[in-house]
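Remarks on the overall topology
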Amino acid sequence: MATSTTLQPSTRAPRWFVWLGLIALIGYGFFISRHATVAAGGSDSSGYLNSAKLLASGKLEIPVRLPAGFGPPDAIGYSQFQPLGFTAFSNDTRLIPTYPTGLPLHVALASKLLGWSLGPLFLQILGSMAALWLCYVVAREFGLELSLAAASVIILAACPVMIFSSTQPLSDLLATTWCLAAVWCALRARRHAGWAIACGAAYGIAVLVRPTNTLLAGTLLVLLGLDWRRLALGVVGGLPCVVWLAFYNHTLYGGALRSGYDNWSVFFAVRYFKPASIYFLQWLATFLPVIVLALPFAALFRRETRTRDLLALALWFAPITGLYLFVAFSHEAWTCLRYILPGIPALIIAAMFGVEAIARSLAEGRRAPLVRRVAAVVLAGWAVGMSSYWSPRNSVFHIKHHEDAYITSAAAALAQFPKNAMVVCCHTSGAIYHYTDFPVLRFDGMPPGEFARYAGMAQRVGVPIYGLLFSAEEEQTFRECPGEWTRLATVDGVGLWQLVAAKPAPVPTLK
């Protein structure tokens, strides 16, 4: 098992290396900016951005947006009028954000400073650059040589999951960045106890962004050690985040330990372990150099690398990844690897420990640096090559085009729909809430006959009904919301529809 021995501190990086790294980091920021979008798209991105708007305005919740004249209250199923990313209860007129406040707080601050277009974009670019810089300094704090630390950064930067999470307003990127920040501060706290305060603060923010980041606690305890002064300072640093989290959860969800996920436990089951394990292994071996999955075990065979630091890396990667092996949706698409992105830097750095062990075993003395450099170049080139092949084939660079359709279609609806319209939708509901003042009517999960009742209400009070639908949604929409629908336009694959007459019909009339 782990010993108390650690890798020797590496030599200081030469100036040319620092400048080369800085140029590469800025280049990566420009690369992300070219492919990034700040669209309020589906459930996640619109949920975070709508929550950020609430926080920026000093609100935690808003009333359900209903068409003028709808009622009486006992005749309204409020859940049908909630956009994605929010929760509305049957006996409550409030809309409550579903997602944690960590990312929305970042977005609200960035938008206050730079506006709602530039602010979130700057946050994504800065977050991705910060994650890479932190990956490097964490690797160096662990004692890795320059070449291996640089290779760690390149492997992370090239990973399609990292690129995917950096190009849209999702919590995965900042969850990774703040985990890295917490680990870096914990490593520095071993020399200067005051860094434990920053460690606690970074850990608290990481948990605000992604509550499952609480699983990083084992790593931080190993790194900080059983030093009560450092641990106490860490608690002090994280206390403000704990207070905010408890206040927010108690105010909105009725308990300090409750959240916007009504009953997340229903997604967990042992039967998901096997398919999720196979799926994660398959895609990690595809997106990373496959040998990275085996190299951490090589570190166990050398005393110099079989350290508490290696144990800390294991306690970083294994719990975060292991949790999602039991989640229902983990094996639905490769994009679900974004949930374990906060743990991937630990896997990569642990692999570099394995390279270090091999280098010391095969080439003691002067040749060891050469082995490290050759291995670093091979692994970095392998990662870039895999990313160059798989990212286009998995439409990683098409995210902006797809997500921007929410912006353009919402703008078209704002221009073409009457101001008092009610919009039938599902996936576009969060975008409608973010970019327009239209009330939404969700067709998904609508009880049979419910639409006819709402259509009758709308007719009585003079509220016209329109639809903003992706082509894949149209069949279900017209089945759940029968009547005569007319297509007004199609904008970037999203159809703008008008309900001419609401009447039960087995097959809708499309014009």
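Everything here concerns the structure above.
Here's a quick rundown of the structure. (Residues numbered from 1 in each chain as written. Predicted model: local features only at pLDDT ≥ 70, side-chain atom pairs only at ≥ 80, totals over all residues. Heavy atoms only, no water.)

A few words now on the packing of aromatic side chains. By the definition in use, this model includes 30 aromatic pairs. Ring plane angle 80° and centroid distance 5.3 Å describe the contact between phenylalanine 287 and tryptophan 334, whose orientation is recorded as edge-to-face. On the criterion of sequence distance, the pair formed by phenylalanine 287 in helix α10 (residues 273-287) and tryptophan 334 in the loop between α12 (308-324) and α13 (344-362) is long-range, its members being 47 residues apart. Each member of the pair, phenylalanine 287 as well as tryptophan 334, carries the same accessibility label: buried. Members of the aromatic cluster, connected to one another through ring pairs, are Phe164, Tyr279, Trp283, Phe287, Trp334, Tyr389 and Trp390. Geometry around tyrosine 389 places arginine 393 over its ring, the cationic atom sitting 3.7 Å from the centre. (Phe/Tyr/Trp six-rings, centres within 6.5 Å; stacked < 30°, edge-to-face > 60°. Helix = DSSP H or I, 4+ residues; strand = E, 2+ residues; numbered from the N terminus. Buried < 20%, exposed > 50% of the residue type's maximum accessible area, 1.4 Å probe, protein only. Lys NZ or Arg CZ within 6 Å of the ring centre and 35° of its normal.)

Moving on, we come to the nonpolar core. Among soluble globular proteins, nonpolar side chains are generally buried collectively. Residues Val138, Phe142, Met162, Val183, Trp316 and Phe353 are the most contacted members of the largest nonpolar core, which totals 97 residues. Considering each element in turn, this core owes the most residues, 11 residues, to helix α6 (residues 171-189). Grouped together as the second largest cluster of nonpolar side chains are 48 residues, Phe70, Ala413, Phe451 and Cys481 included. (Core = buried A, V, L, I, M, F, W, Y, C linked by side-chain atoms within 4.5 Å.)

Attention now moves to the pairing of strand β3 (residues 94-97). A regular strand places its side chains on the two faces of the sheet in alternate fashion. Bridge count between strand β1 (residues 62-63) and β3: two bridges; the pairing is antiparallel. Residue proline 63 lies in a different strand from β3, and its bridge partner there is arginine 94. Two strands pair when backbone bridges link them, and strand β2 (residues 86-87) and β3 are joined in this way by two bridges, in the antiparallel orientation. Within β3, the position partnered with phenylalanine 86 by the bridge is proline 97. (Pairing = 2+ DSSP bridges.)

Here we take up the packing of helix α1 (residues 15-35) against helix α3 (residues 102-141). Packed helices, taken two at a time, are described by their axes: the angle between them and the distance between them. The N-to-C vectors of α1 and α3 enclose an angle of 150°; their axes lie 9 Å apart at closest approach. α3 is crossed by α1, and the crossing has right-handed handedness. Contacts between α1 and α3 pair Phe17, Leu25, Ile26, Tyr28, Gly29, Ile32 and Ser33 from the former with Ile125, Ser128, Met129, Leu132, Trp133 and Tyr136 from the latter. Considering only residue class, the contact of α1 with α3 consists of 10 nonpolar, three polar and no charged. (Axes fitted to C-alpha atoms, helices over the stretch in contact; angles between N-to-C directions. Left-handed = near helix turned anticlockwise from the far one by under 90°. Contact = heavy atoms within 4.5 Å. Nonpolar A, V, L, I, M, F, W, Y, C, P; charged D, E, K, R; others polar.)

What follows deals with the packing of α6 against helix α7 (residues 195-209). Running from N to C, α6 and α7 cross one another at 160°; their axes reach a closest spacing of 8 Å. Here α7 runs roughly antiparallel to α6, going by the angle between their axes. With respect to the hand of their crossing, α6 and α7 are arranged in left-handed fashion. Residue-level contacts link Ser171, Leu174, Ala175, Trp178, Cys179, Ala181, Ala182, Trp184, Cys185, Ala186, Arg188 and Ala189 of α6 to Trp195, Ala196, Ala198, Cys199, Ala202, Tyr203, Ile205, Ala206 and Val209 of α7. Here the residues of the contact of α6 with α7 sort into 19 nonpolar, one polar and one charged. (Parallel < 35°, antiparallel > 145°, perpendicular 65-115°, else oblique.)

The subject of this paragraph is the sheet that holds β2. Strands belonging to one sheet form pairs held by backbone hydrogen bonds; the direction of such a pair is parallel or antiparallel. Across the sheet, three strands lie side by side as β1-β3-β2; this open sheet has antiparallel pairing. Two strands close off the open sheet at either side, each with one partner strand: β1 and β2.

With that settled, the discussion passes to the state of the cysteines. For the structure on display, the rule yields zero disulfides. In this model cysteine 241 remains outside any disulfide bridge; the closest cysteine sulfur is found in cysteine 199, 12 Å from its own. Among the residues examined, cysteine 241 registers a relative accessible area of 13% and is labelled buried. Sulfur of cysteine 481: no disulfide; nearest cysteine sulfur belongs to cysteine 425 and is 9.9 Å away. (Disulfide = S-S within 2.5 Å.)

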